[in-house]
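Descriptive analysis of the structure
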Amino acid sequence: MSPRSASVNEELRRRSRERLLQATVDLVGERGFEATTLGDIADRAGSARGLISYYFPGKRQLFQSAVHRLMHLTIHEALERTPLPEEPGAGHELLARAIDAVLGLAQDRPMLMRAHMAGILQQEGFVQCPEQQRLAEVLRETIERYGSPDPDTDYPLLRALLMGAVVAVLLPGAPMPVERLRAELFVRYGLEWQLGRPPEEPPAGTDQRITGRQLTVPRLPSPAPGVPEQQTPAQAQPYEVLRQTQQPASPPQPPSPN
């Protein structure tokens, strides 16, 4: 038998890595982060235990990469859902779909997303990996399609607002309703309620501007002469955002996986 080509080996490695990532989100979603071992993940993926150590420095890095992959795939699937939006207004529909996709993950996979947010906020921050970069790219492209004049600034703000909404949905003992958070984000970006995948009705007390056809983001009155202009909470950007500028180093070629 002739040896496998480099391209075949590369494809086998890619598939092995993706099986590990998928097994991770499945198991943590079922059992929780602490109750899931690397051995469990390798068994579920049908891979050798040592292969995890080659691809990932540890369990937390594997888990964060796995969730970033899930988020990227979920948003990408929402953006590509048929019928595809047409101009004018395609950018608003795409942003609405992205927001609904992220909120949907928080609502449908609470154990998984709570563990993910805990890892980001408590210790490592964002893990630099291909999955995180793909997630960043799809969100940045979405805010650019929405019409942002400065995607490099507006993408980190969108990310921070989505992270804050996910935390609010999952906050133990005092969760915020998804519908209310969705309404606030839609007002922030001037999106109509019927875009994306809306609930049947807006929550009680929702600003009725989000159900109209000509919605604009509210602005504060102009200050009196000599008085400094006041910023809205969104303009103030209360979250310290992280820019992802480093590229992950290319690992050495491993032995061909089984």
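Note that the structure is predicted; figures quoted are calculated from it, not measured.

**Quick notes on the packing of aromatic side chains**
- By the definition in use, this model includes 4 aromatic pairs.
- Judged by centre distance (5.7 Å) and plane angle (85°), the rings of Y146 and Y189 are edge-to-face. Within this pair, whereas Y146 is found in helix α7 (residues 130-146), its partner Y189 is found in helix α9 (residues 178-189), the two being separated by 43 residues in sequence.
- When its relative accessible area of 21% is taken as the criterion, Y146 is described as partly exposed.
- With a relative accessible area of 4%, Y189 lands in the buried category.
- A connected cluster of aromatic rings, assembled from ring pairs, spans Y54, Y55 and F56.

**Re the pattern of salt bridges**
- Within the structure shown, the criterion is met by 12 salt bridges.
- Between R145 and E87 there is a salt bridge, and its shortest N-O distance comes to 3.8 Å. You can see R145 sitting in helix α7 and its partner E87 sitting in the loop between α4 (59-79) and α5 (90-108), a full 58 residues away along the chain.
- Given a relative accessible area of 57%, E87 falls into the exposed group.
- A salt bridge links R134 to E131; its shortest N-O distance comes to 3.7 Å. With R134 and E131 both in helix α7 and 3 residues apart, this pair spans about one turn of that helix.

**Topic: the nonpolar core**
- Membership of the largest hydrophobic core comes to 60 residues, with the highest contact counts inside it found for I41, I75, I99, L139, Y189 and L191.
- With residues near it in sequence (within four places) discarded, I41 still touches L20, A23, T24, L27, T36, I52 and L62.

**A closer look at α4**
- The terminal C-alpha atoms of α4, which comprises 21 residues, lie 30 Å apart, in line with the 30 Å expected from a rise of 1.5 Å per residue.
- Most of α4 sits inside the fold, with 15 of its 21 residues counted as buried.

**A look at the confidence of the model for the protein**
- Of the residues in the protein, 75% have a pLDDT of 70 or more, and the chain-wide mean is 81.
- When the elements of the protein are averaged for pLDDT, helix α10 (residues 233-236) gives the smallest value, 36, and α5 the largest, 97.
- Contacts of residues 211-252 to residues separated by more than four positions or lying in other chains number 53 contacts, the stretch itself having pLDDT below 50.

**Digging into the packing of α7 against helix α8 (residues 151-170)**
- Remark: α7 packs on α8, axes separated minimally by 9 Å, with the N-to-C direction vectors making an angle of 110°. Of the possible angle classes, the one that applies to α7 and α8 is roughly perpendicular. Once α7 is placed against α8, the crossing between them reads as right-handed. Here α7 contributes Q132, A136, L139, R140, I143 and E144 to the contact with α8, which in turn contributes P151, D152, D154, Y155, L158, R159 and L162.
- Counted by class, the contact of α7 with α8 contains 7 nonpolar, 1 polar and 5 charged residues.

**Focus on a nonpolar patch on the surface**
- Together, L121, V167 and L171 line one region of the surface with nonpolar side chains, adding up to about 250 Å² of accessible area.
- With respect to the element layout, L171 can be found in the loop between α8 and α9.
- Looking at L171, the relative accessible area reads 42%, which means it is partly exposed.

**Remarks on unusual backbone geometry**
- Cis geometry marks the peptide bond from T82 to P83; its omega dihedral reads 0°.
- Take P83: it is sitting in the loop between α4 and α5.
- Residue P88 is bonded to the preceding E87 through a cis peptide linkage, with omega at -5°.
- Examined against the element boundaries, P88 turns out to sit in the loop between α4 and α5.

How each quantity is defined
- Residues numbered from 1 in each chain as written.
- Predicted model: local features only at pLDDT ≥ 70, side-chain atom pairs only at ≥ 80, totals over all residues.
- Heavy atoms only, no water.
- Phe/Tyr/Trp six-rings, centres within 6.5 Å; stacked < 30°, edge-to-face > 60°.
- Helix = DSSP H or I, 4+ residues; strand = E, 2+ residues; numbered from the N terminus.
- Buried < 20%, exposed > 50% of the residue type's maximum accessible area, 1.4 Å probe, protein only.
- Salt bridge = Lys/Arg side-chain N within 4 Å of Asp/Glu carboxyl O.
- Core = buried A, V, L, I, M, F, W, Y, C linked by side-chain atoms within 4.5 Å.
- Contact = heavy atoms within 4.5 Å.
- Expected span 1.5 Å × (residues − 1).
- pLDDT = per-residue confidence, 0-100.
- Axes fitted to C-alpha atoms, helices over the stretch in contact; angles between N-to-C directions.
- Parallel < 35°, antiparallel > 145°, perpendicular 65-115°, else oblique.
- Left-handed = near helix turned anticlockwise from the far one by under 90°.
- Nonpolar A, V, L, I, M, F, W, Y, C, P; charged D, E, K, R; others polar.
- Patch = residues over 30% accessible without salt bridge, like charges linked within 9 Å, V, L, I, M, F, W, Y side chains within 5 Å.
- Areas by Shrake-Rupley, 256 points an atom, 1.4 Å probe, with all protein chains shown as cover.

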